[in-house]
Amino acid sequence: MPAASRPANPDPVGPAWTFLTNHAHVLLAIAADPETRMRDVATAVGVTERAVQMIVADLEAGGYLARTRIGRRNQYTVNQAGRFRHPAESEHRIGALLALFAPDTAAATVDRH
């Protein structure tokens, strides 16, 4: 990946890492703008557009996202009731993550079923 497209490393001492996965970053970006383009999500997350497409496919297959085709665009609905996949967090719902990181958009852009 060219240096210009890589996310900046705020810690010059060690390698860059984050507490949230790319799957979480993609989900949060889509929750913030359900009509966003994959290209824009890729830029925001710092991954390729193909990586975003694969992540969205994973999230759809896991029941975390639903895609609706509207004309030439897609609109996404996030399933807030979905639970985290890891056994250590499986008692928590995705809605809690959205409320934490996107409190203004979470209630308006997600499905509570």
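This write-up is about the structure you can find in this document. (Residues numbered from 1 in each chain as written. Predicted model: local features only at pLDDT ≥ 70, side-chain atom pairs only at ≥ 80, totals over all residues. Heavy atoms only, no water.)

## Considering the overall build of the protein
Alright, step 1. Within the protein one finds 5 helices and 3 strands.
Alright, step 2. Counting from the amino terminus, the protein carries its helices and strands in the arrangement α-α-α-β-β-α-α-β.
Alright, step 3. Counting every position in the protein, which comprises 113 residues, the buried fraction comes to 31%.
Alright, step 4. About 7,600 Å² of surface is accessible on the protein, with carbon and sulfur atoms providing 56% of the total. (Helix = DSSP H or I, 4+ residues; strand = E, 2+ residues; numbered from the N terminus. Buried < 20%, exposed > 50% of the residue type's maximum accessible area, 1.4 Å probe, protein only. Areas by Shrake-Rupley, 256 points an atom, 1.4 Å probe, with all protein chains shown as cover.)

## Some remarks on the environment of Arg-69
Alright, step 1. Within the element layout of this structure, Arg-69 appears in strand β1 (residues 65–70).
Alright, step 2. Within the structure, the side chain of Arg-69 is placed 3.4 Å from the backbone oxygen of Arg-72, a separation counted as a polar contact.
Alright, step 3. Of the polar contacts made by the side chain of Arg-69, one reaches the side chain of Asn-74; its length is 3.2 Å. (Polar contact = N/O pair within 3.5 Å; in protein donor to acceptor, adjacent residues only side chain to side chain.)

## Here's the deal with the nonpolar core
Considering soluble globular proteins, one finds that nonpolar side chains tend to be buried as a cluster.
Alright, step 1. The biggest cluster of nonpolar side chains holds 23 residues, and the ones touching the most others in it are Val-26, Ile-30, Val-52, Val-56, Leu-59, Leu-65 and Val-78.
Alright, step 2. Taken together, the elements giving at least two residues each to this core come down to α1 (22–32), α2 (38–45), α3 (49–61), β2 (73–79) and α4 (94–101).
Alright, step 3. Residue contributions to this core peak at 6 residues, all from α1. (Core = buried A, V, L, I, M, F, W, Y, C linked by side-chain atoms within 4.5 Å.)

## Looking at the pattern of salt bridges
Alright, step 1. Applying the stated criterion across every chain yields a total of 2 salt bridges.
Alright, step 2. We note a salt bridge from Asp-40 to Arg-37, for which the minimum N-O separation is 3.0 Å.
Alright, step 3. One salt bridge in this structure joins Glu-60 and Arg-67, with 2.3 Å as the shortest N-O distance. (Salt bridge = Lys/Arg side-chain N within 4 Å of Asp/Glu carboxyl O.)

## A few points about the packing of α1 against α2
Alright, step 1. One can describe the packing of α1 onto α2 by two numbers: an axis separation of 10 Å at closest approach and a directional angle of 125°. By the angle between their axes, α1 is oblique relative to α2. For the crossing formed where α1 meets α2, the hand is right-handed. Contact residues: α1 offers Asn-22, His-25, Val-26, Ala-29 and Ile-30, while α2 offers Met-38, Val-41 and Val-45.
Alright, step 2. Its residues assigned to classes, the contact of α1 with α2 comprises 6 nonpolar, 2 polar and no charged. (Axes fitted to C-alpha atoms, helices over the stretch in contact; angles between N-to-C directions. Parallel < 35°, antiparallel > 145°, perpendicular 65-115°, else oblique. Left-handed = near helix turned anticlockwise from the far one by under 90°. Contact = heavy atoms within 4.5 Å. Nonpolar A, V, L, I, M, F, W, Y, C, P; charged D, E, K, R; others polar.)

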